[in-house]
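Structural characterization, general
In case you want the letters, here they are:
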Amino acid sequence: MSSEATRVAIVTGAAQGIGKAISLRLAEDGLDVVVNDIPSKSAELESVKAEIQAKGRKSVAVVGDISSEADVIALVEKTVSELGGLDVMVANAGILFPTPLIDLPLSEWDRIFSINARGTFLCYRHAAKQMIKQGRGGRIIGAASSAAKQGLANLGHYSASKFAVRGLTQSAALEWGAHKITVNSYAPIDNFVASVGAPRDAFYSGQSQLSAVGYHGQPEYIADLVSFLASKGSHHITGQTINIDGGKFFD
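Residues numbered from 1 in each chain as written. Predicted model: local features only at pLDDT ≥ 70, side-chain atom pairs only at ≥ 80, totals over all residues. Heavy atoms only, no water.

Within the UniProt record for the protein, the comment given under Sequence similarities (unreviewed entry) is "Belongs to the short-chain dehydrogenases/reductases (SDR) family." (UniProt positions renumbered as here; feature names shortened; annotations may be inferred.)

Put into structure tokens, the structure is as follows:
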């Protein structure tokens, strides 16, 4: 098992963007980090692994599809066999594609739920099983979105899948709190930056104007929040989906 001095994290969707930023930040925090993404991202994943190792931490790259229970089980088992245990699960992987609900193929509804909702559930469940077995608690953290707080036109399927993450997070927190496992999720604006019809810069500009602070988010900002949620100091925070959007939405 990992020692008190060397905690172990898994980060899914770690090949780029928010997942990469989280992986590197957790390494800076002193954790060994297992990075996961789909096979087509294996080269990028290996690059993230190398960056983590350059920071003096251990890292393992594991390709797999989080919507596959067999792949998630293998991910957790590989983490334990290679690094000795599991202390932090960051279920970051997800997909997005804007489509009006009236035009959305049923297969695409199923696909987004298989990754964003089912995949997050599988990561939560198998991380919790390992943490309960270890008996030393843990941190489970998921990717929600501002779209988990308010529905958006042309992103109804995405929003519904992220509302599911929010409900899952609350329920898991209630079930696993007795095991000293906290379960939280983060709700950034950047989760759906791949745009709803506007070019990226125009989208960011519009979001900046809607935020209280007047500027849009960056992956590193989300990594800062995850760093805290993964820390021992967050032990009294659980079941929350925390906005990190510059003050666009208020609960």
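**Digging into the nonpolar core**
It is characteristic of soluble globular proteins that their nonpolar side chains tend to be buried jointly. Grouped together as the largest cluster of nonpolar side chains are 38 residues, with contacts concentrated most on M89, Y124, I140, W176 and V183. Of all the secondary structure elements, the ones that give two or more residues to this core are β1 (8-12), β3 (59-63), α3 (69-83), β4 (88-91), α4 (106-134), α5 (156-176) and β6 (181-188). Considering every element that reaches this core, the biggest residue donor is α4, with eight residues. Beyond its immediate stretch of four places on either side in the chain, I140 contacts M89, Y124, A127, A128, M131, W176, I181, T182, V183 and N184. Of all hydrophobic cores here, the second largest spans 27 residues; its members include A15, A27, I141 and A143. (Core = buried A, V, L, I, M, F, W, Y, C linked by side-chain atoms within 4.5 Å. Buried < 20%, exposed > 50% of the residue type's maximum accessible area, 1.4 Å probe, protein only. Helix = DSSP H or I, 4+ residues; strand = E, 2+ residues; numbered from the N terminus. Contact = heavy atoms within 4.5 Å.)

**A word on the packing of α4 against α5**
Where α4 meets α5, the axes come as close as 9 Å, and the angle between the chain directions of the two elements is 15 degrees. As the angle between them shows, α4 and α5 are arranged roughly parallel. The element α4 and its partner α5 pack so that their crossing is right-handed. Residue-level contacts link W109, I112, F113, N116, A117, T120, F121, Y124, R125, A128 and I132 of α4 to H157, Y158, A160, S161, K162, A164, V165, L168, T169, A172 and W176 of α5. Residue composition of the contact of α4 with α5, by class: 15 nonpolar, five polar and two charged. (Axes fitted to C-alpha atoms, helices over the stretch in contact; angles between N-to-C directions. Parallel < 35°, antiparallel > 145°, perpendicular 65-115°, else oblique. Left-handed = near helix turned anticlockwise from the far one by under 90°. Nonpolar A, V, L, I, M, F, W, Y, C, P; charged D, E, K, R; others polar.)

**Quick look at helix α2 (residues 42-54)**
Between the first and last C-alpha of α2 there are 18 Å, a value that for 13 residues agrees with the 18 Å anticipated at 1.5 Å per step. Listed as buried for α2 are L45, V48 and I52. Each buried residue of α2 sits inside an arc of 60 degrees when the element is viewed along its axis, so together they form one side. Across from the buried face of α2, at angles greater than 90 degrees, the exposed residues are A43 and A54. On its buried side, α2 packs onto α1 (17-28), β2 (32-37) and β3. Backbone geometry just downstream of α2 places G56 in the positive-phi region, at approximately 90 degrees. (Expected span 1.5 Å × (residues − 1). Arc of directions from axis to C-beta.)

**Concerning the pairing of β6**
Most of β6 sits inside the fold, with eight of its eight residues counted as buried. Where burial is concerned, the two faces of β6 agree: the one with I181, V183, S185 and A187 and the one with T182, N184, Y186 and P188 are both buried. Sheet topology places strand β5 (residues 138-143) next to β6; six bridges connect them, and they run parallel. By the bridge assignment, A143 is partnered in β6 with Y186. Remark: the β5/α5/β6 crossover connection has right-handed handedness. (Pairing = 2+ DSSP bridges. Right-handed = clockwise from strand over helix to strand, strands pointing away.)

**Regarding the environment of H179**
Along the chain, the position of H179 falls in the loop between α5 and β6. With a relative accessible area of 37%, H179 lands in the partly exposed category. Each C-alpha atom of the pair H179 and A9 lies 18 Å from the other, and the pair is 170 residues apart in sequence. Setting aside anything within four residues of it in sequence, one finds H179 in contact with I132 and G137.

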